[in-house]
Amino acid sequence: LMRMRARELAPGGWFICALPASEAGGSDRQGLYVQVAADMDDVLAEWVAEGRIAQSTADAVVVPVWMRTPDEIRAPFDAHGGDIDGLQLISAELFRLDNPYWDDDPQVFAERFLLNCLAWGRPLFEAAFAREGADRAPGLLDDFVAQVAARVADRKSTRLNSSHEWISRMPSSA
């Protein structure tokens, strides 16, 4: 990904990115996406236990979000002597940003946040649920979103009004 971004930048340009991050790694990794992914996994596990979906369907639901730690963000640059095709990591800061989906009403927050998840995840979820049959997939997706939203609304810790973000500044020398 860094190589692609480096090629896209004009000489002297800057690539500035904000991404979900976690101060801690491993089982201590934290953040809104970590919690929502756990809620998704719980719903899927319940559905498998109930016989509603096959384990292979649950396994096919992949959430492509990883809350990187500071070391994970720096690692590709460190591995390449600080330079990836002319792209250099100049600074990286961890700080909290207001959650753009926040609302004092937990249900409104949950619905807004799950709409965000559907914006990037709908094709992935649809493909996974299609394993249960094209006729069942839309209903499964609707029920999945509703059940995950209910869990997000019920868990106060998931409704934090901020999340860690890394802001990285990388100039292109290419």
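Quick caveat: nothing in here was measured; it's all calculated off a predicted structure. (Residues numbered from 1 in each chain as written. Predicted model: local features only at pLDDT ≥ 70, side-chain atom pairs only at ≥ 80, totals over all residues. Heavy atoms only, no water.)

Visitor: Would you mind going over the overall build of the protein chain with me for this structure?
Guide: Summing up its helical and strand segments, the protein chain has 6 helices and 5 strands in all. In the protein chain, the succession of α and β elements from N to C terminus is α-β-α-α-α-β-β-β-α-α-β. Considering the protein chain as a whole, with its 174 residues, one finds that 38% of them fall into the buried category. Across the protein chain, every contact between residues at least 6 apart in sequence was considered, and the portion connecting residues at least 24 apart equals 80%. Accessible surface computed for the protein chain: about 9,400 Å², of which carbon and sulfur atoms make up 53%. (Helix = DSSP H or I, 4+ residues; strand = E, 2+ residues; numbered from the N terminus. Buried < 20%, exposed > 50% of the residue type's maximum accessible area, 1.4 Å probe, protein only. Contact = heavy atoms within 4.5 Å. Areas by Shrake-Rupley, 256 points an atom, 1.4 Å probe, with all protein chains shown as cover.)

Visitor: Just to check I follow, could you spell out helix α5 (residues 106–129) for this structure?
Guide: In an α-helix, one turn spans 3.6 residues; hence positions three or four apart end up facing the same way. Here α5 is 24 residues long, yet its end C-alpha atoms lie only 27 Å apart, well below the 34 Å a rise of 1.5 Å per residue gives. The largest bend in α5 amounts to roughly 75 degrees and is located at G121, with the proline P123 lying one to four residues further along. Buried within α5 we find F109, A110, F113, L114, N116, C117, L118, G121, F125, A128 and F129. The distance from a side-chain oxygen at the start of α5 to the backbone nitrogen of Q107 is 2.8 Å, and the residue carrying that oxygen is D105. (Expected span 1.5 Å × (residues − 1). Bend = angle between axes of the 7 residues up to and from the residue. Polar contact = N/O pair within 3.5 Å; in protein donor to acceptor, adjacent residues only side chain to side chain.)

Visitor: Quick question: what am I supposed to make of helix α4 (residues 70–79) here?
Guide: When α4 is considered as a whole, its buried residues turn out to be P70, I73 and F77. Along α4, the residues classed as buried sweep out an arc of 85 degrees about the axis, all on the same side. Projecting away from the buried face of α4 at angles above 90 degrees are the exposed residues D71, D78 and A79. With its phi angle positive at about 65 degrees, G81 sits one or two positions after the end of α4. (Arc of directions from axis to C-beta.)

Visitor: Sorry if this is basic, but what is going on with the nonpolar core here?
Guide: The nonpolar side chains of soluble globular proteins are, as a tendency, buried together. By size, the foremost hydrophobic cluster in this structure holds 26 residues, and its most contacted members are L114, F125, F129, F144 and V148. Elements that contribute at least two residues to this core include exactly α2 (32–50), α5 and α6 (137–154). Grouped together as the second largest cluster of nonpolar side chains are 10 residues, A6, L9, F15 and L87 included. (Core = buried A, V, L, I, M, F, W, Y, C linked by side-chain atoms within 4.5 Å.)

Visitor: Just to check I follow, could you spell out the environment of D83 for this structure?
Guide: Take D83: it is sitting in strand β2 (residues 83–84). Residues D83 and M2, spaced 81 residues apart in sequence, show a C-alpha to C-alpha distance of 9.9 Å. Of note is the side chain of D83, whose polar atom sits 3.5 Å from the side chain of Q88.

Visitor: Just to check I follow, could you spell out the pattern of salt bridges for this structure?
Guide: In total, this model carries 8 salt bridges according to the counting rule given. Across the salt bridge formed by D143 and R52, the nearest N and O atoms sit 2.3 Å from each other. Taken as a pair, D143 in helix α6 and R52 in the loop between α2 and α3 (55–60) lie far apart in primary sequence, 91 residues in all. (Salt bridge = Lys/Arg side-chain N within 4 Å of Asp/Glu carboxyl O.)

Visitor: How should the packing of α5 against α6 be read in this particular structure?
Guide: Two quantities define a packed helix pair, namely the angle between the axes and the distance from one axis to the other. It is at 9 Å that the axes of α5 and α6 come closest, and there the two elements cross at 145 degrees. Crossing geometry of α5 relative to α6 is assigned as right-handed. Counted together, P106, Q107, F109, A110, L114, L118, R122, F125, E126 and F129 of α5 and A137, L140, L141, F144, V145, V148, A149, V152 and A153 of α6 form the full contact between these two elements. Residues of the contact of α5 with α6, tallied by class, amount to 16 nonpolar, 1 polar and 2 charged. (Axes fitted to C-alpha atoms, helices over the stretch in contact; angles between N-to-C directions. Left-handed = near helix turned anticlockwise from the far one by under 90°. Nonpolar A, V, L, I, M, F, W, Y, C, P; charged D, E, K, R; others polar.)

Visitor: Would you take a moment to explain the environment of D105 for this structure?
Guide: Along the polypeptide, D105 turns up in the loop between β4 (91–98) and α5. Sequence separation between D105 and A153 is 48 residues; the distance between their C-alpha atoms is 8.4 Å.

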